[in-house]
Amino acid sequence: MAQVSASALAVPHSRIRELAELAIRMDESTPDPNDKVLKLYFGESNLPTPEYIKRAAQKAMQDGYTYYTSNAGLLSTRRMIQRYYEDRHQVALDPESEIVVTTSGVQALNVAIRCVLDPGDEAIVLTPAWPNQSANVSMSNALPREVPHVLCGGRFNIDFTALEAALSSRTRLLIYTSPSNPLGWTATVEEQKQLLDFARRHDLWLLADEVYERLYYVPAKLGTPAPSILKLATRDDAVIAVQSFSKSYCMTGWRVGWLTARKDLAARATMLNEFIISHAPSFSQRAGESALEWGENTLRQMLAEFKINRDFCLAALRKMKRVTVPEPEGAFYLFPRIQGMTDSFGFCKQLLLDTKVGLAPGVAFGAGGEGYVRICYASERSILEKAMQRLSDFLAG
Ligand SMILES: Cc1ncc(COP(=O)(O)O)c(C=O)c1O
């Protein structure tokens, strides 16, 4: 009998999705709208896409943006991304050769990884991390080598000794996420210098997943982006930055993102795009342009709310028994450790069944994630209040 390939079967399923499916089934059997699961397991806010972005997409359709575009995306979109980097990071990029619009952040990851790994190669992935990074390495028939961050003095750090130890003659790529999903950890400029230096010394590609760069709470002035690797790297460095409209502009369903990379990589990614997805939806690209051009005020308001939510949940968690939680610097997640808990999937399942609070199990985020749970606080305050109370009672019970 014809079989599904071993390499396809080797890709692990998402344990967040597994839990979400259970929550969906619970909701389907509950008619009362006030008795639904409090869903804090997914990585998206429940804010709708802002109206001006929706209007931009409608106008784009009226204006005829319903046809195929270039594999690298509309030049107007790439020019807007170029402007974004000039304005926000003082980094100059060539829209014709260093920017590729993609059909989301995850597609940017997929095509970038496909461009740098051959079957049997290895990629070091800093974890706990969004599982799609390691899964995409596996889908390229390569091997992810996960190196966990270490919690030290209340902050997650990079374990450079472990990074050195993870190297082999097949290592081609190092992937990190800053700000991190699920940690909220955000690489300092010094940490980025060390990562870049490490990649240069060992002839690796360095892939920075920067999709949360606008969700950064450290600067006094909210809206200042997290430091980007593009500011430190030269355009000749083997560096790829992956980006998305999903998180900053509440556009998860629009499937549009981008990558920036050295010219040869960007050219290959553009070319491979033809065979994967061809290009991002034309009207989504136009909507993305509008988000970059007009999105700053809405973004700052959203950030201010996220920060209040973060601080509320942080304070609530720090009062709970058995919980230790570092203060996240970015993204919209908290990643508390629960003392004595060794099966985070089992814990989250029981929490869901008993209290209808849906959290993501730490084990879903790879090495170093077990013993933790992830809470997405980009939700309404009333939901967060209920969820924190129920979690507290569950832990005390
Ligand atoms: C770290 C990280 N990278 C990339 C993405 C991809 O986002 P999208 O595919 O919606 O652009 C996500 C989404 O959760 C993420 O958490």
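Above this note sits the structure.
Worth saying up front: this structure is predicted, and the values here are computed from it rather than measured.

## Digging into the overall build of the protein
Here is step 1: A tally of helices and strands in the protein yields 14 helices and 16 strands.
Here is step 2: Its C-alpha atoms put the protein at 60 × 60 × 55 Å along the principal axes.
Here is step 3: Residues classed as buried in the protein amount to 55% of the 397 residues present.
Here is step 4: Within the protein, contacts between residues separated by at least 24 positions form 74% of all contacts whose residues are at least 6 apart in sequence.
Here is step 5: In the structure as shown, the protein presents an accessible area of about 16,900 Å², 52% of it carried by carbon and sulfur atoms.
Here is step 6: Computed over 44 positive and 44 negative side-chain charges, the inter-centroid distance for the protein is 3 Å.

## Overview of unusual backbone geometry
Here is step 1: Cis peptide bonds are those with omega within 30 degrees of zero, and the linkage from Thr127 to Pro128 qualifies with -5 degrees.
Here is step 2: Cis geometry is found at the peptide bond from Asn181 to Pro182, where omega equals 20 degrees.
Here is step 3: Mapped onto the elements, Pro182 comes out in the loop between β7 (171–177) and α8 (189–201).
Here is step 4: Although it is not a glycine, Gln90 sits at a positive phi angle of roughly 55 degrees.
Here is step 5: Structurally, Gln90 is set in the loop between α4 (75–89) and β2 (99–102).
Here is step 6: Taking the relative accessible area as the measure of exposure, Gln90 reaches 55% and is therefore exposed.
Here is step 7: Non-glycine residue Asn141 carries a positive phi angle of around 60 degrees.
Here is step 8: Mapped onto the fold, Asn141 is located in the loop between α6 (132–139) and β4 (143–148).
Here is step 9: Asn141 sits in the partly exposed class, given a relative accessible area of 39%.

## A look at the sheet that holds strand β15 (residues 360–361)
Here is step 1: Spatial strand order, β12-β16-β15: three strands in an open sheet with antiparallel pairing. Of all strands in the sheet, those bounded by a partner on one side alone are β12 (333–334) and β15.
Here is step 2: Across two bridges, the pairing between β15 and strand β16 (residues 373–376) is antiparallel. Each residue of the ladder has a partner; that of Ala360, found in β16, is Arg374.

## Describing the sheet that holds strand β10 (residues 257–261)
Here is step 1: Spatially, β2-β10-β9-β8-β7-β3-β4 is the arrangement adopted by the seven strands of the open sheet, whose pairing is mixed. Of all the strands in the sheet, just β2 and β4 have a single pairing partner and so form its edges. Mean inter-strand twist for the sheet, computed between neighbouring axes without regard to direction, equals 20 degrees.
Here is step 2: Both β7 and strand β8 (residues 205–209) contribute to a ladder of five bridges, which runs parallel. Along β8, the bridge assignment pairs Leu173 with Trp205.

About the cut-offs
Residue positions are given per chain, counting from 1 as you read along its sequence in written order. In keeping with the predicted nature of the model, local features appear solely for residues at pLDDT of at least 70, side-chain atom pairs appear and are counted solely at 80 or more, and the whole-chain, interface and lining totals rest on all residues. Remark: hydrogens and water are excluded; side-chain values derive from all non-hydrogen atoms of the structure. A run of H or I in DSSP counts as a helix once it spans at least four residues, and a run of E counts as a strand once it spans at least two, with each numbered from the N terminus. Burial here depends on accessible area, computed with a 1.4 Å probe over protein chains only, as a share of the maximum for the residue type. Under 20% is buried, over 50% is exposed, and the range in between is partly exposed. Two residues form a contact once any of their heavy atoms are found within 4.5 Å. Accessibility throughout is a Shrake-Rupley quantity obtained with a 1.4 Å probe, and a residue counts as covered only by protein chains that appear here. When charges are counted, Lys and Arg contribute as positive and Asp and Glu as negative, whereas His and the chain ends are disregarded. The atoms used to mark charge sites are NZ of Lys, CZ of Arg, CG of Asp and CD of Glu. When DSSP finds at least two bridges between two strands, those strands are taken to pair. Every axis in this analysis is a line fitted to C-alpha atoms, fitted for helices over the stretch in contact. Angles between the N-to-C directions lie between 0 and 180 degrees.

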